[in-house]
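As a plain string of letters, each chain reads:
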Amino acid sequence: MRNTRTSMARRTALVAATVTAGLVLAACGGSSDSGSGGHDSHTSGSSASASSPSSSTAAHNAQDVSFAQGMIPHHQQALEMAKLAAGRASSAKVKDLAARIEKAQDPEIRTMSGWLKSWGRSVPSAMPGMDHSAHSGMAGMMDTKDMDKLAKASGAEFDTMFLTMMIEHHKGAVQMAGTEKSRGAYAPATSMADDIITGQTAEIKEMNQLLGKS
């Protein structure tokens, strides 16, 4: 009888120890998962895209391709207009604005070109000598005749023409960026679209003020 009680006591202690160990392990595992889960949710996306080109390729759709292929020549024309301001504008504020447009849009062209290359899609040809007539149907784009007039203008005439044309150009870019935000799938592209909307909307307001418009 004593042996039986002793055996039962040992079994009870063994079961209790096993349950306790299991609970400890479960608790450790739970805390580890929750801790790493919070960390992974912040870093896994960036590390995956950085280490695996296929992950970024799978993340884009046709709208993202269209956005990049359309916005590159759109930005290129804006740069061509901005470069004219250095030698033809009379207003220091217009020259400053043109310099800021170059600083913002040139890196974006390089970024979008990189996306298209990684996706195996064609990259629009770069300046100089871009065919303005080929993109005249795009929102806000100037045709060859408009660009020729701007290139021949100078002084106050250039300032007015530049601001008027660039306002329309920016409005077109904001429209294109809005489409990307609503239909695009590639996060870096939709993020750039958001930056374009914010930045160029502010510049439109600035240019209207320079023209004396509210």
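Before reading on, note that the structure itself is shown above.
### Some points on the packing of helix α4 (residues 92-118) against helix α6 (residues 155-183)
Then, in step 1: Close contact between α4 and α6 brings their axes to 11 Å; oriented N to C, the two are set at 35 degrees. Crossing angle aside, the handedness with which α4 passes α6 is left-handed. Judged by residue contacts, Val 94, Leu 97, Ala 98, Ile 101 and Gln 105 of α4 engage Asp 159, Phe 162, Leu 163, Met 166 and His 170 from α6.

### A word on the side chain of His 169
Then, in step 1: Summarising the element assignment, His 169 is placed in helix α6.
Then, in step 2: Look at His 169 and you get buried, because its relative accessible area is 1%.
Then, in step 3: Once residues lying within four places of it in the same chain are set aside, the contact partners of His 169 are His 74, Gln 77, Ala 78, Met 81, Gly 140, Met 141 and Met 142.

### Overview of the packing of α4 against helix α7 (residues 187-210)
Then, in step 1: In contact at an axis separation of 12 Å, α4 and α7 are set at 165 degrees when each is read in the N-to-C sense. Taken together, α4 and α7 sit at an angle that is classed as roughly antiparallel. Crossing hand, α4 versus α7: left-handed. In this structure, α4 contributes Lys 93, Leu 97, Arg 100, Ile 101, Gln 105, Glu 108, Thr 111, Met 112 and Trp 115 to the contact, and α7 contributes Pro 188, Ala 189, Met 192, Ile 196, Gln 200, Glu 203, Glu 206, Met 207 and Leu 210.
Then, in step 2: Taken together, the residues of the contact of α4 with α7 break down into 10 nonpolar, three polar and five charged.

### Details of the side chain of Glu 108
Then, in step 1: Positionally, Glu 108 belongs in helix α4.
Then, in step 2: Comment: no salt bridge for buried Glu 108; closest opposite-charge side chain is Arg 110, at 11 Å.
Then, in step 3: Filtering out sequence-adjacent residues up to four positions away, Glu 108 remains in contact with His 75, Met 192 and Ile 196.

### Details of the pattern of salt bridges
Then, in step 1: For the structure on display, the rule yields six salt bridges.
Then, in step 2: The partner of Glu 102 in a salt bridge is Lys 83, with the nearest N and O atoms 3.1 Å apart. In this pair, Glu 102 is assigned in helix α4 and Lys 83 in helix α3 (residues 62-88), connecting sequence segments 19 residues apart.
Then, in step 3: What makes Glu 102 partly exposed here is its relative accessible area of 25%.
Then, in step 4: You can call Lys 83 partly exposed: its relative accessible area is 49%.
Then, in step 5: Ionic pairing is found between Arg 100 and Glu 206, a salt bridge with its closest N-O pair at 2.6 Å. Here the residue Arg 100 occupies a position in helix α4, and Glu 206 occupies one in helix α7, the gap between them amounting to 106 residues.
Then, in step 6: Classification of Glu 206 by relative accessible area gives partly exposed; the value is 23%.
Then, in step 7: Put simply, Asp 96, Arg 100 and Glu 206 are held in one network by salt bridges that share partners.

### Topic: α7
Then, in step 1: For α7, spanning 24 residues, the distance from its first C-alpha to its last is 35 Å, which sits close to the expected 34 Å at 1.5 Å a residue.
Then, in step 2: Among the residues of α7, those classed as buried are Ala 189, Thr 190, Met 192, Ala 193, Ile 196, Gln 200, Glu 203, Ile 204, Met 207 and Asn 208.
Then, in step 3: Buried positions along α7 lie against α3, α4 and α6.
Then, in step 4: Downstream of α7 by one or two residues, Gly 212 has phi in the positive range, about 85 degrees.

Conventions adopted
- Residues numbered from 1 in each chain as written.
- Predicted model: local features only at pLDDT ≥ 70, side-chain atom pairs only at ≥ 80, totals over all residues.
- Heavy atoms only, no water.
- Axes fitted to C-alpha atoms, helices over the stretch in contact; angles between N-to-C directions.
- Helix = DSSP H or I, 4+ residues; strand = E, 2+ residues; numbered from the N terminus.
- Left-handed = near helix turned anticlockwise from the far one by under 90°.
- Contact = heavy atoms within 4.5 Å.
- Buried < 20%, exposed > 50% of the residue type's maximum accessible area, 1.4 Å probe, protein only.
- Parallel < 35°, antiparallel > 145°, perpendicular 65-115°, else oblique.
- Nonpolar A, V, L, I, M, F, W, Y, C, P; charged D, E, K, R; others polar.
- Lys, Arg positive; Asp, Glu negative; His and termini not counted.
- Salt bridge = Lys/Arg side-chain N within 4 Å of Asp/Glu carboxyl O.
- Expected span 1.5 Å × (residues − 1).

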